[in-house]
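Descriptive structure summary
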Amino acid sequence: MSHNNAADTAAPKKSGFGVSKHINELSLFLAIALLYVIFGTTAYGFLSFNNQVNILRDAATIGIAAWAMTFIIISGEIDVSVGPMVAFVSVALAYLLQWGFPTPIAFLLAVALGAGLGGISGVLRAYFDVPSFVATLGMWSALRGLALFFTDALPVSIGRNDVLDALDRSVLGIPPAAIIMLVLFAIFAFVSRKTAFGRSVFAIGGNAHAAYLSGINVARIRVAIFAIGGAMAAISGILLVSRLGSGNATAASGLEFDVIAAVVVGGTALSGGRGSMLGTLLGVLVITLIGNGLVLLGINPFFQQVVRGLIIVIAVLANMQAIKRSLARNKG
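The residue numbering used here restarts from 1 in each chain and proceeds along that chain's sequence as written. The predicted nature of this model means local features are confined to residues of pLDDT at least 70 and side-chain atom pairs, given and counted, to a pLDDT of 80 or more, with totals for whole chains, interfaces and linings taken over all residues. Where side-chain values are given, they derive from all heavy atoms of the structure, hydrogens and water being excluded.

Per an unreviewed UniProt entry, the protein chain is named Ribose transport system permease protein RbsC, and its organism is Martelella mediterranea DSM 17316. UniProt positions are given in the numbering used here, feature names are shortened, and annotations may be inferred rather than shown by experiment. Regarding the protein chain, the UniProt comment filed under Subcellular location (unreviewed entry) reads as follows: "Cell membrane".

**Focus: the confidence of the model for the protein chain**
A residue-level look at the protein chain finds 93% of positions with pLDDT of 70 or above and a mean pLDDT of 90. Predicted confidence in the protein chain is weakest over helix α1 (residues 2–42), with a mean pLDDT of 68, and strongest over helix α4 (residues 103–128), with 98. Confidence drops under a pLDDT of 50 for residues 1–16, and excluding neighbours within four residues, the segment shows five contacts in the predicted structure. How sure the predictor is of each residue is captured by pLDDT, a score from 0 to 100. A run of H or I in DSSP becomes a helix once it reaches four residues, and a run of E becomes a strand once it reaches two; helices and strands are each numbered from the N terminus. Note on contacts: a residue pair qualifies if any of its non-hydrogen atoms lie within 4.5 Å across the two residues.

**Structural notes on the packing of helix α7 (residues 176–194) against helix α10 (residues 218–244)**
For the pair α7 and α10, interaxial distance at closest approach is 11 Å and the crossing angle is 165°. The orientation of α7 with respect to α10, classified from their angle, is roughly antiparallel. The handedness of the crossing between α7 and α10 comes out as right-handed. Along its contact with α7, which presents A177, I180, L184 and F188, the element α10 presents I228, M232, I235 and L239. Charged residues are taken to be Asp, Glu, Lys and Arg, nonpolar residues to be Ala, Val, Leu, Ile, Met, Phe, Trp, Tyr, Cys and Pro, and polar residues to be all remaining types, Gly included. Class assignment of the residues belonging to the contact of α7 with α10 gives a composition of eight nonpolar, no polar and no charged. Every angle, taken between N-to-C directions, lies between 0 and 180 degrees, and every axis is a line fitted to C-alpha atoms, over only the stretch in contact when it is a helix. When describing relative orientation, an angle under 35 degrees is termed roughly parallel and one over 145 degrees roughly antiparallel, while 65 to 115 degrees is termed roughly perpendicular and anything else oblique. Two helices that cross are described as forming a left-handed crossing if the nearer one is turned anticlockwise from the farther one by less than a right angle, and a right-handed crossing if clockwise.

**Some thoughts on the environment of S246**
With respect to the element layout, S246 can be found in strand β2 (residues 246–247). Put simply, S246 and P155 are 91 residues apart on the chain and 6.0 Å apart in space, counted from C-alpha to C-alpha. Not counting residues up to four positions away in its chain, the partners in contact with S246 are P155, V156, S157 and V241.

Pasting the structure below:
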């Protein structure tokens, strides 16, 4: 009898969380449809084919980094070094190509560099107990400063490169960056839902001490997710070089805020333990559409930053309310 009662009380918890997650995703679908209606009727050229391609390119820049950021935030951490990491890797890649490294080797070295730099933040968090915000803020400053120092704030030209040119040439109207973003999305969605690593990330975000007691190597997982974050930023850096035709120390300024905003808007809790890749994908589209529409409307760039900040605050408040409703439903 007691076994049945336990099962009965457990069921609503799962149901409550699932319902709240689906409501969040449904509301994001509606928000995307509403944004298309608003900007489609008010912003000249918003619905044009060329602008839709631009939206996909911009979404890829945010999305590729956002997949890793989702893991990082689900685990209860944060990474604010994304923008400078992308810029620094773009500069490093440009120099590698200038020095005559074969393009595939230069790509691998760039991704390894990003993973290594991200891993440093992970090591500081996992083994020296430095808060992830502080560790990545230090990395933000160091990488931006180094990139500017090595380039004197000037673009680093790469000359003609067939591989990078191909990365910026649309395939059947779809930018390769968007294809790469969607492939990586499928991989991250599978890992988050179907693997022990993904379950460990959720467990650490829910209760790191309990995860450690259950046999999860918390330190190793933390280092891994920050290294993955660095690798994803490096891939964004490679795509940035293909788009600009140069490495640029001043590029990707503020990208970390767009990435964090997309993840939070997508329903991932900043407190950790809760989130989904589908939610992040929809959050990426919302943030990209708002940015694109405001530009086409000719809104002042400084005011766009105000809008971005308001979106983050509203998303966090909505997230907190959703968590409270879910907890209340579970208790009921």
